[in-house]
Amino acid sequence: MAINYQNRLETLQNSLENQNIDVAMITSPANVFYYTGFNSDPHERFMGLIADNRNQEYTLFVPALDEEVAADESIVKQVVPISDEENPFKKLKDTLGENITSFGLEMKSVSMYQHNQLVTHFPEASYVDIQPSINAQRLRKSESEMGYVQQAVYIIEKVLAEGIKKVKIGMTELELTAELEYLMKKFGAEGPSFSTTVLSGEKSALPHGSPGDRPFQKGDFLLIDMGVIKDGYCSDITRTFIIGEAADKQKEIYDIVLKSNQAGVNSVEAGAPVKTFDIEARKVINSHGYGDYFNNRVGHGLGIEVHEEPSIHEKNEGLAEQGMVFTIEPGIYIPGFGGVRVEDEVYINKSGKVKVLTSFPRELQILGV
């Protein structure tokens, strides 16, 4: 499953030429990894891939403590270390010179501090947002990339299958979270792709709630939303269970969400407006009178990051393309009662065929205690 980083860099170079950009500075760790193969979080330190369109050269600036790893992992072999006492923007200027008229930046990733430093060191330059062109390039996943995503899916589904065997009355949300994240590492993941969500009872009505010390009780909803990173690529799945015994209203809500999930998945088609997938899933929930309890988009793209383009919402007029991978995750969240979400990952391959990457059972499971 080799990734052709050289092709990615050439596509980037062509984009810079088309936009008449002299130099691009890429600082998002996900984008640096996408173009170089070097995957690192520099935290507060500076890291940046510099694409110099004037001489078609690439330089990777990294914290000094990462120099050896970067030189080993990155396809870009011109690696410049920056020690903690150095000003990285002065070092950029010393390397690039001053005759830069157009600077490409990921505008969402650049802080005001970084912007002020750039203006100070490159006062003659104008700045162009290259985020849209990078997003467009990353939008279409290769078969190699999808191999990595599928590995991450295999691991998280194995974690889920083993993890739910540990559920028992009196166990807390945090205790189950710890068990799940242990299993992630045990089964070969680098770690969770986002903060693992384990919510029980009435807390399951919080779409982005955090696990706490609430103990599981008989009759609880148990919503588990989690994913892992494997070889730099993410997975993301949600399943909702009921502990011990299900009430009729719980079964009713679960059935509606499951039908919504399947309507969304079944509507996925290359060339169709992306909004269609949200509309079709939402239509099911609306028709049963629960529309007020589903107030978020139905899905998002994923790959190197757990939230990428495309955003699957009812006003996205873009068309679904070959290579897109995204989630379909409708839900019903009733305050004080509980919530249900069923989330799957869908891929449109290079021949336009739709493949559902997640295979964990979707039918309601009552967990024994």
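The coordinates are above.
Because the structure is a prediction, the values reported are computed rather than measured.

Caption draft 1: Structural detail: the side chain of Thr197. Tracing the sequence through the fold places Thr197 in strand β8 (residues 197-200). Thr197 gets classed as buried once you look at its relative accessible area, which sits at 9%. With near-sequence residues (within four places) excluded, Thr197 lies in contact with Gly209, Pro211, Leu223, Ile224 and Asp225.

Caption draft 2: Structural view of the environment of Leu357. When you line up the elements, Leu357 lands in the loop between β19 (354-356) and β20 (366-367). Taking the C-alpha atoms as reference points, Leu357 and Gly37, separated by 320 residues in sequence, lie 24 Å from one another.

Caption draft 3: Examining the sheet that holds strand β9 (residues 221-226) more closely. Strand order in the open sheet made by the 4 strands is β8-β9-β12-β20, with mixed pairing throughout. Strands at the two margins of the open sheet, each flanked by one partner only, are β8 and β20. Here strand β12 (residues 237-243) runs beside β20; their pairing, made up of 2 bridges, is parallel. Bridging across to β20, Ile242 finds its partner in Ile366.

Caption draft 4: Structural context of the pairing of strand β5 (residues 102-105). Covered by surrounding structure in β5 are Ser102 and Gly104 together with Phe103 and Leu105, the residues of both alternating faces. Here 3 bridges tie strand β1 (residues 23-26) to β5, and the two strands are oriented parallel to one another. When the bridges of β5 are listed, Met25 appears paired with Leu105. Sheet analysis places β5 next to strand β6 (residues 126-129), joined by 4 bridges and oriented parallel. Paired with Leu105 across the two strands is Asp129, which belongs to β6.

Caption draft 5: Here's a closer look at unusual backbone geometry. At the junction of Glu309 and Pro310, the peptide bond is cis and its omega measures out at 5° in the coordinates. Note that Pro310 resides in strand β14 (residues 308-312). Its identity is not glycine, yet Asn20 carries a phi of approximately 55°, on the positive side. Residue Asp231 is not a glycine yet carries a positive backbone phi of 55°. Assignment of secondary structure puts Asp231 in the loop between β10 (228-230) and β11 (233-234).

Caption draft 6: View of the side chain of Glu308. Mapped onto the elements, Glu308 comes out in strand β14. Within the local environment of Glu308, its side chain forms a polar contact with the backbone nitrogen of Ile304, the two atoms lying 2.9 Å apart. Those residues in contact with Glu308 that lie beyond four places of it in its chain are Arg138, Lys141, His300, Gly301, Leu302 and Gly303.

Caption draft 7: Structural context of the packing of helix α9 (residues 248-266) against helix α10 (residues 275-287). Two numbers describe how α9 lies on α10: the axes approach to 8 Å, and their chain directions differ by 155°. In terms of orientation, α9 and α10 fall into the roughly antiparallel class. In the packing of α9 onto α10, the handedness of the crossing is right-handed. Contact residues: α9 offers Ile256, Lys259, Ser260, Ala263 and Gly264, while α10 offers Phe277, Glu280, Ala281, Arg282, Val284 and Ile285. Each residue belonging to the contact of α9 with α10 can be placed in one class, and the counts come to 6 nonpolar, 2 polar and 3 charged.

Caption draft 8: Up close: the packing of aromatic side chains. By the definition in use, this model includes 11 aromatic pairs. When the ring of Phe277 is compared with that of Phe326, the centres are 5.6 Å apart and the planes differ by 10°; the resulting orientation is stacked. Separated by 49 residues along the polypeptide, Phe277 in helix α10 and Phe326 in strand β15 (residues 325-328) bring together distant segments of the chain. Across the pair, exposure class does not vary: Phe277 and Phe326 are buried alike. Connected via pairs of aromatic rings, a cluster forms that spans Phe33, Tyr148 and Tyr233. Over the face of the ring belonging to Phe294 we find Arg282, whose NZ or CZ atom lies 4.2 Å from the ring centre.

Caption draft 9: Seen up close, the sheet that holds strand β7 (residues 191-192). Here we have 3 strands laid out as an open sheet, ordered β7-β10-β11, and antiparallel in their pairing. The sheet is open, and its two edges are formed by β7 and β11, each paired on a single side. In this sheet, β11 lies alongside β10 in antiparallel orientation, the contact comprising 2 bridges. Residue Lys230 lies in a different strand from β11, and its bridge partner there is Tyr233. Those strands touched by helix α7 (residues 143-163) are β10 and β11, and its axis lies near 135° from that of β10.

Caption draft 10: Expanded view of the environment of Cys234. Here Cys234 is to be found in strand β11. For the pair Cys234 and Phe194, spaced 40 residues apart in sequence, the C-alpha to C-alpha distance is 9.1 Å. Leave out the neighbours within four places in its chain, and Cys234 touches Val149, Ala152, Ser193, Val228, Ile229, Leu302, Gly303, Ile304, Glu305 and Val306.

Caption draft 11: Main features of α10. Here α10 is 13 residues long and its end C-alpha atoms lie 18 Å apart, about the 18 Å a rise of 1.5 Å per residue gives. Within α10 the residues assigned to the buried category are Phe277, Asp278, Ala281, Arg282, Val284 and Ile285. With its buried residues spanning 150° around the axis, α10 presents them on a single face. On the buried face of α10, the contacting elements are α9, β14, β15 and β16 (331-334). Positive phi shows up at Gly289, right after α10, with a value of about 85°.

So, how was this worked out
- Residues numbered from 1 in each chain as written.
- Predicted model: local features only at pLDDT ≥ 70, side-chain atom pairs only at ≥ 80, totals over all residues.
- Heavy atoms only, no water.
- Helix = DSSP H or I, 4+ residues; strand = E, 2+ residues; numbered from the N terminus.
- Buried < 20%, exposed > 50% of the residue type's maximum accessible area, 1.4 Å probe, protein only.
- Contact = heavy atoms within 4.5 Å.
- Pairing = 2+ DSSP bridges.
- Polar contact = N/O pair within 3.5 Å; in protein donor to acceptor, adjacent residues only side chain to side chain.
- Axes fitted to C-alpha atoms, helices over the stretch in contact; angles between N-to-C directions.
- Parallel < 35°, antiparallel > 145°, perpendicular 65-115°, else oblique.
- Left-handed = near helix turned anticlockwise from the far one by under 90°.
- Nonpolar A, V, L, I, M, F, W, Y, C, P; charged D, E, K, R; others polar.
- Phe/Tyr/Trp six-rings, centres within 6.5 Å; stacked < 30°, edge-to-face > 60°.
- Lys NZ or Arg CZ within 6 Å of the ring centre and 35° of its normal.
- Expected span 1.5 Å × (residues − 1).
- Arc of directions from axis to C-beta.

So far we have only geometry, and geometry alone does not tell us how the molecule works.
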